[in-house]
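Overview (structure and organization)
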Amino acid sequence: MPSKADLKQLLLAFIDDEDRAMDRQEQGSFYSQHHVGIKAGIPRASGLLGDDDLLMFYFHLLRLDILPAVKREREFELLHGAYQSMTPLLEHGWPACAMPRAQGIFLFGNDGTSALPDGETPTLATYMAYRKVWAHVTAYVSIPTMLAKRERFLPYAQDQQVLTRVMVLLRALRYLQDEDIGRVALWYWGLVYIAVLDPRAAQTVVADVAELCDRSEAWLERLELLRRCLVAADCPLLVDRLDALATLH
């Protein structure tokens, strides 16, 4: 384990490198060379850095799509402040910002310009709960692998706070209608799977999609993926309804 002085120097060097890279709308090179030590130093950072430096440390971690596990209110307040300072970068995407816009909205309830309609105030508890959900839905490498793990998704569907946040986000995103759907976003289908594992939420999802679907090729592909989620969630009546919607093309 590095000394406090050595770790502090490492963290400050990371901040400095990322500050300079951000001026170019890029990611720095220091993290890739020292990521093991930097990640290991996250729990100790609050005891080594002052508020300004800790905020920038969190700022750059979020920019690199690294979600620090924080335990104290001071840490969360600075993390929340770091996210709000970072939100203008969300629209630029990689390499300026690796965090997906939807991820920031899910964790903190806003993207800097608009907020989710649930009005929930971000707290240390909600951040850590939603961070756990996001870690889960991004842990899979394929949809079949994900759908085969129903028992691991079910606890999230049974958590009313998590289920509500998932549904509010999906509806705010209009089920990705306004997003790039050129590739399969596994986090998105992980959230959809959580939603359809709850019977009432599943009915809402299908009803919403029925209104939004314009039966374009892109939407028909999306219906097929939703159908797979509904089959895995054991929703035969909703599968039939979705099939009827698809055949109206």
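It should be noted that the structure appears before, not after, this text.
Summary of the structure given here. (Residues numbered from 1 in each chain as written. Predicted model: local features only at pLDDT ≥ 70, side-chain atom pairs only at ≥ 80, totals over all residues. Heavy atoms only, no water.)

What follows concerns the state of the cysteines. One pass over the structure, following the stated rule, counts 0 disulfides. Left without a disulfide partner, Cys 229 is nearest to the cysteine sulfur of Cys 235, which lies 10 Å away. (Disulfide = S-S within 2.5 Å.)

Let us now look at the layout of surface pockets. Left-over empty space is what a probe sized like a water molecule reveals as it rolls over the atoms. The calculated volume of the second largest pocket comes to roughly 200 Å³. Taken together, 13 residues line the second largest pocket, and the ones lying closest to its centre are Ile 42, Pro 43, Pro 68, Ala 69 and Val 70. For the lining of the second largest pocket, the per-class residue count stands at 8 nonpolar, no polar and 5 charged. (1 Å grid on protein atoms, 1.4 Å probe; cavity = no way out; pocket = protein on both sides within 12 Å on 5 of 7 lines; lining within 4 Å. Points joined across faces, edges and corners; volume = space filled by probe spheres on them. Nonpolar A, V, L, I, M, F, W, Y, C, P; charged D, E, K, R; others polar.)

On to the environment of Met 56. Relative to the helices and strands, Met 56 is located in helix α4 (residues 51-63). Here Met 56 falls in the partly exposed class, since its relative accessible area comes to 22%. Separated by 41 residues in sequence, Met 56 and Ile 15 place their C-alpha atoms 6.7 Å apart. (Helix = DSSP H or I, 4+ residues; strand = E, 2+ residues; numbered from the N terminus. Buried < 20%, exposed > 50% of the residue type's maximum accessible area, 1.4 Å probe, protein only.)

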